[in-house]
Amino acid sequence: FFFFVFSFFFFFFFFLSLFMSISSQTQPVLATSSQGLYRKEDEPVLPKFSGYLLKQGVKGLSRSWKKRWFVADPELNNMRYFRKPPTSERASDIDSQALGVIELDALTDLRIREASAYTFDLVTPGRTYNMQAETEKSFQRWTSDLMAVFVRNQKRREALAANSADPRLLNDSQRIALIQEQQLTIARLQRRVACLERLVQVHAELSSLLDDQLQASLPSNPSPYAVDHSR
């Protein structure tokens with residue numbers, strides 16, 4: 001009995017943590033995600049950059065550091081990570097091989113850890129990603145490139161705030177970018193709802209399984225010491 005109760009709560013909290021991890025990590029990737037959003041004509045194009053980094057897990061046993069291959073795309077404003085470098089350049093293959101994605105336009109801060117060597121944090125509303133480079137050269141390259149993307153996105157937000165007071169100041173490309181950003185937000189919410197629905201379904205299945213196991217564990221024959229009240 002206690003084994004089944006323990007299993008029930010174990011799987012429940014496992015799927016709950018999985019849902020929270022999916023909600024914060026694997027946001028849906030759209031080809032138009034913030035591409036050209038509030039972009040000025042004189043704004044420099046930031047190149048892609050990639051390489052190995054150590055990423056710390058969310059919590060529990062997964063708090064260990066794992067080596068992952070990261071590909072940051074400033075134009076798509078995201079940073080995918082893989083177990084190893086992708087074997088194909090096709091977008092569909094890259095998406096299928098990616099373990100997760102960090103939305104760079106969601107960054108609220110980039111913190112350098114002074115106490116730990118070559119370590120920095122990428123802060124988003126849903127999660128803080130703890131990262132570590134293997135060498136000082138790699139650390140300097142990653143932090144400087146990511147800071148350039150962060151500063152660029154900050155300027156774009158300031159441009160949006162300046163123009164939002166009068167929608168007539170937005171050009172057609174900016175209006176399209178705003179619509180695409182809203183579509184991305186809706187897709188994120190739909191993914192979270194789907195994960196939550198799956199969590200509820202798994203909870204119901206585990207509850208049914210637990211009830212069946214409890215029924216099966218009850219004795220089918222009456223006890224010889226039971227009192228017969230019909231006499």
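Here's a quick rundown of the structure.

Cut-off values and rules
Residue indices begin from 1 for each chain and proceed along its sequence in written order. The predicted nature of this model means local features are confined to residues of pLDDT at least 70 and side-chain atom pairs, given and counted, to a pLDDT of 80 or more, with totals for whole chains, interfaces and linings taken over all residues. As a rule here, side-chain values cover all heavy atoms of the structure and leave hydrogens and water aside. Note on conventions: DSSP H or I runs of at least 4 residues are helices, E runs of at least 2 residues are strands, and numbering of each starts at the N terminus. In this scheme, a residue with accessible area under 20% of its type's maximum is buried, one over 50% is exposed, and one in between is partly exposed, where area comes from a 1.4 Å probe on protein chains only. Should any heavy atoms of two residues lie within 4.5 Å, those residues are considered in contact. Using a 1.4 Å probe, accessible areas were evaluated by the Shrake-Rupley method; residue-level cover was limited to the displayed protein chains. Counted as a polar contact is a pair of N or O atoms within 3.5 Å, where, for protein atoms, one must be capable of donating a hydrogen and the other of accepting one, and residues adjacent in sequence contribute only when both atoms are in side chains. At least two DSSP bridges between two strands are required for those strands to pair. Note on ring pairs: Phe, Tyr and Trp rings are taken, using the six-membered ring of Trp, and paired if centres are within 6.5 Å. Classes follow the plane angle, with under 30 degrees stacked, over 60 edge-to-face and the rest tilted. Fitted lines through C-alpha atoms serve as axes, helices being fitted only where they are in contact, and the angles separating the N-to-C directions of these axes extend from 0 to 180 degrees. Side-chain atoms within 4.5 Å link the members of a nonpolar core, which is a set of buried Ala, Val, Leu, Ile, Met, Phe, Trp, Tyr and Cys residues.

**Things to note about the overall build of the protein**
Here is step 1 of the chain: Within the protein, the regular secondary structure consists of four helices and seven strands.
Here is step 2 of the chain: Along the protein, helices (α) and strands (β) appear in the sequence α-β-β-β-α-β-β-β-β-α-α when read from the amino end.
Here is step 3 of the chain: Evaluated residue by residue, the protein yields a buried proportion of 36% over its 231 residues.
Here is step 4 of the chain: For the protein, long-range pairs separated by at least 24 residues make up 57% of all intrachain contacts whose partners lie at least 6 apart in sequence.
Here is step 5 of the chain: For the protein, the accessible area works out to roughly 14,700 Å², and carbon and sulfur atoms hold 59% of it.

**Considering the side chain of Asp-121**
Here is step 1 of the chain: With respect to the helices, strands and loops of the structure, Asp-121 is situated in strand β6 (residues 119-123).
Here is step 2 of the chain: Reaching out from Asp-121, the side chain makes a polar contact with the side chain of Arg-113 at a distance of 3.1 Å.
Here is step 3 of the chain: Aside from chain neighbours lying at most four places away, what touches Asp-121 is Asp-109, Leu-110, Arg-111, Arg-113, Thr-128, Tyr-129, Asn-130 and Met-131.

**What to know about the pairing of strand β7 (residues 128-132)**
Here is step 1 of the chain: Pairing analysis gives two bridges linking strand β1 (residues 49-56) to β7, with the strands arranged antiparallel. Residue pairing for β7: Leu-54 is matched across the bridge by Gln-132.
Here is step 2 of the chain: As paired strands, β6 and β7 are joined by five bridges and run antiparallel to one another. Following the sheet pairing, Thr-119 is matched in β7 by Gln-132.
Here is step 3 of the chain: What sits between the antiparallel neighbours β6 and β7 is a turn of four residues.

**Observations regarding the packing of aromatic side chains**
Here is step 1 of the chain: In total, this model carries six aromatic pairs according to the counting rule given.
Here is step 2 of the chain: Measuring from centroid to centroid gives 5.3 Å for Phe-49 and Trp-142, while their planes differ by 70°, and the two rings are edge-to-face. With Phe-49 in strand β1 and Trp-142 in helix α3 (residues 136-164), the pair connects residues that are 93 residues apart, well separated along the chain.
Here is step 3 of the chain: Accessibility expressed as a relative area gives 8% for Phe-49, which makes it buried.
Here is step 4 of the chain: Among the residues examined, Trp-142 registers a relative accessible area of 0% and is labelled buried.
Here is step 5 of the chain: For the pair Phe-120 and Phe-139, a centre-to-centre distance of 6.2 Å together with 55° between the ring planes defines the contact as tilted.

**Here's the deal with the sheet that holds β6**
Here is step 1 of the chain: Pairing within the open sheet is antiparallel, and its seven strands lie in the order β4-β3-β2-β1-β7-β6-β5. Lying at the two open borders of the sheet, with one neighbouring strand each, are β4 (100-103) and β5 (109-113). For this sheet, the mean inter-axis angle between neighbouring strands, taken without regard to orientation, is 35°.
Here is step 2 of the chain: Taken together, the five bridges between strand β2 (residues 65-73) and strand β3 (residues 78-82) define a ladder with antiparallel strand orientation. Bridge pairing in β3 links Ala-72 to Met-79.

**A few points about the side chain of Thr-143**
Here is step 1 of the chain: Inspection of the secondary structure puts Thr-143 in helix α3.
Here is step 2 of the chain: According to the relative accessible area criterion, Thr-143 is buried, its value standing at 9%.
Here is step 3 of the chain: Of note is the side chain of Thr-143, whose polar atom sits 3.3 Å from the backbone oxygen of Gln-140.

**Observations regarding the nonpolar core**
For soluble globular proteins, the rule of thumb is that nonpolar side chains tend to be buried together.
Here is step 1 of the chain: Judged by nonpolar contacts, the single largest core of 21 residues is most densely connected at Met-79, Leu-122, Trp-142 and Leu-146.
Here is step 2 of the chain: Setting aside its immediate chain neighbours within four residues, Leu-146 contacts Phe-49, Met-79, Leu-104, Leu-110, Phe-120 and Leu-122.

**Some points on unusual backbone geometry**
Here is step 1 of the chain: In this structure, Asn-77 takes a positive phi of about 60° despite not being glycine.
Here is step 2 of the chain: Relative to the helices and strands, Asn-77 resides in the loop between β2 and β3.
Here is step 3 of the chain: With relative accessibility at 1%, the residue Asn-77 sits in the buried group.
Here is step 4 of the chain: One non-glycine residue, Tyr-118, adopts positive backbone phi at about 60°.
Here is step 5 of the chain: Here Tyr-118 shows up in the loop between β5 and β6.
Here is step 6 of the chain: Residue Tyr-118 is classed as partly exposed on the basis of its relative accessible area, which comes to 31%.

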